[in-house]
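# Residue-level structure breakdown
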Amino acid sequence: MSNLHRSWVESANRAETDFPLNNLPYGMVSRPGEAPRCGVAIGDQVLDLAGLEAQGLLSFGGVLGTAGWNAFMALGPEAWQRLRAELTALLSEGAAQRETVAPHLIPLSDVALHMPFAVTEYTDFYAGRHHATNVGTMFRGAENALPPNWLHIPIGYNGRASSVVVSGTEITRPHGQLKGPQDAAPRFGPSQRFDIELEMGAIVGQPSTGPLSVDEAFANIFGYVLLNDWSARDIQAWEYQPLGPFQAKATATTISPWIVTAAALEPFRAATPAREVALLPHLQDTGPMLYDIDLQVGLAPDGGAETIIARTNYKEMYYSAAQQLAHHASSGCPMRVGDLLGSGTISGPARENRGSLLELSWGGKEPFQLDTGETRSFIADGDTLSLYGAALGEGYRIGFGPCTGRVGPARA
Ligand code: CA
């Protein structure tokens, strides 16, 4: 485990900041009336990288002035390493360029945060064993909880890139076909069982046109975000057989605003759990490719205090993002810069580790209590749901910034 790298930006040296020098997460920021530009968070500041490049302190062919991190990702791993090394040098305690860099810092409180990259495609997986077991038990019974393919491939489906939004975007409760009990005819109306899924999103930073080994897939992942896969359980229950999720997941997917790079997470690599059956060779683990990232879910009722309703860890996943990407590419499926891969809901073994309200309330049968005294089975209008994540080092944390969305009522 590495130690805190000290910066001349004093707020970056505080133990509670999400953004020490060890992190250097990439986002898109704007001041009022200005276009979004590439920035890196450092303590309670953001460093304007387009401004640094314009002044000649960085040289990446102008891509840091473009709308999103896709063009930079396309430059490839050597550029990824060079930018991180140059930013580390510019921001380290005692850096000679401090006086020229400092004017390019903007307080985080002064900027709006935008989508950090253009999502070219979005795929969502179902690769957390505790979640799959919980949901399978609810719907099929404990004996048949895991589908027969589950221990052999990371199950996934092609989702919608068009509805991926950045943290802070208001979410509208969806309408859909809802099925009543037994023989009742379906009706069309607002979802009554609107839910979250606590996930990590992996961002593909290099294109590919054929199968990838797990090692190649790992090297192609640029970074990670927190991801909330908003899910309408009642719409899902009616529509998903026999093919899988469609409208139940299409309303919105919220991501956190900062791309935390694989390089920043390197000291926190963690192994997947023991295999119950061996994976086929093209998906086998070649090293620790998960990360030890503490995760939390908060729920704040309209105007009320937030309750942390779940705590878990990314290392609970059964499959790594590298294994998911290798599986995705194994058919020859081309992958593009900006492809977003949702991990699947990250639940742990205990009740408090459950990464969805469906699991926390056990399908609505066991409502859970908030600190305000209210209870919930699913999301109420006006609720704000937030995901938090951080890898915890010695005296520092590699944080993601919150991934938040307030749910407004369905449109009339
Ligand atoms: Ca999901």
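Rules and cut-offs
- Residues numbered from 1 in each chain as written.
- Predicted model: local features only at pLDDT ≥ 70, side-chain atom pairs only at ≥ 80, totals over all residues.
- Heavy atoms only, no water.
- Phe/Tyr/Trp six-rings, centres within 6.5 Å; stacked < 30°, edge-to-face > 60°.
- Helix = DSSP H or I, 4+ residues; strand = E, 2+ residues; numbered from the N terminus.
- Buried < 20%, exposed > 50% of the residue type's maximum accessible area, 1.4 Å probe, protein only.
- Lys NZ or Arg CZ within 6 Å of the ring centre and 35° of its normal.
- Donors = N, O, S within 2.8 Å, 3.2 Å for Na, K, Ca; no water.
- Pairing = 2+ DSSP bridges.
- Axes fitted to C-alpha atoms, helices over the stretch in contact; angles between N-to-C directions.
- Expected span 1.5 Å × (residues − 1).
- Arc of directions from axis to C-beta.
- Domains from an automatic or database assignment.
- Contact = heavy atoms within 4.5 Å.
- Buried area = accessible area lost by both parts, 1.4 Å probe.
- Salt bridge = Lys/Arg side-chain N within 4 Å of Asp/Glu carboxyl O.
- Polar contact = N/O pair within 3.5 Å; in protein donor to acceptor, adjacent residues only side chain to side chain.

### Observations regarding the packing of aromatic side chains
- What the rule picks out here adds up to 15 aromatic pairs.
- Plain terms: the ring middles of F72 and F222 are 6.1 Å apart, the flat faces sit at 70 degrees to each other, and that makes the pair edge-to-face. In this pair, F72 sits in helix α2 (residues 70–74) while F222 sits in strand β14 (residues 221–229), placing the two residues 150 residues apart along the sequence. The same class applies to F72 as to F222, namely buried.
- A connected cluster of aromatic rings, assembled from ring pairs, spans Y26, F60, W69, F72, W80 and F222.
- Its guanidinium or amino end placed over the ring of F60, R82 lies 4.0 Å from that ring's centre, counting from NZ or CZ.
- R275 extends its terminal NZ or CZ atom over the ring of Y319, reaching a point 5.7 Å from the ring centre.

### What to know about the coordination of the calcium ion
- Those donors, D124 (OD), E197 (OE), E199 (OE) and D229 (OD), are the protein atoms that reach the calcium ion, and they lie 2.1 to 2.3 Å from it.
- Coordination of the calcium ion draws on donor residues from a single chain, spaced D-x72-E-x1-E-x29-D in sequence. Taken together, the residues span a long stretch of sequence, with E197 in the loop between β12 (194–195) and β13 (198–204) and D229 in strand β14 at a distance of 32 residues. The pair E197 / D229 is uniform in exposure class, with both members buried.

### Some words on the sheet that holds strand β4 (residues 105–107)
- Strand order in this open sheet of 5 strands is β4-β3-β2-β1-β5, and the pairing throughout is antiparallel. The open sheet has two edge strands with one neighbour each: β4 and β5 (112–114). Averaged over all neighbouring strand pairs, the angle between strand axes comes to 50 degrees, with direction disregarded.
- As paired strands, strand β3 (residues 45–48) and β4 are joined by 3 bridges and run antiparallel to one another. Within the sheet, the bridge partner assigned to Q45 lies in β4 and is P107.

### Focus on the pairing of strand β6 (residues 121–125)
- In terms of burial, β6 is a largely internal element, 4 of the 5 residues being buried.
- The pairing of β6 with strand β7 (residues 156–158) spans 3 bridges and is antiparallel. Directly across from D124, in β7, lies its bridge partner Y157.

### Looking at helix α3 (residues 77–91)
- Between its first and last C-alpha atoms α3 spans 21 Å; for 15 residues at 1.5 Å apiece the expected length is 21 Å, and the two agree.
- When we look at burial in α3, the residues that qualify are A79, W80, L83, R84, L87, L90 and L91. Buried residues of α3 fall within an arc of 130 degrees about the axis and therefore sit on the same side. Away from its buried face, by an angle of more than 90 degrees, α3 presents the exposed residues E78 and Q81.

### Things to note about the domain arrangement of the protein chain
- For the protein chain, the domain assignment lists domain 1 (10–114) and domain 2 (122–408).
- Inter-centroid distance (C-alpha atoms) of domain 1 to domain 2 is 29 Å.
- At the junction of the two partners, domain 1 supplies 29 residues and domain 2 supplies 25 residues.
- Interface area for domain 1 against domain 2, summed over the two sides, is near 2,000 Å², with a carbon-plus-sulfur share of 67%.
- Three residues stand out in domain 1 for area buried against domain 2, namely Y26, M73 and W80, and they jointly supply 27% of the buried area on that side.
- Counting the contacts that link domain 1 with domain 2 gives 1 salt bridge.
- Viewed at the interface, domain 2 and domain 1 are joined by 7 residue pairs in polar contact (both at pLDDT 80 or more).

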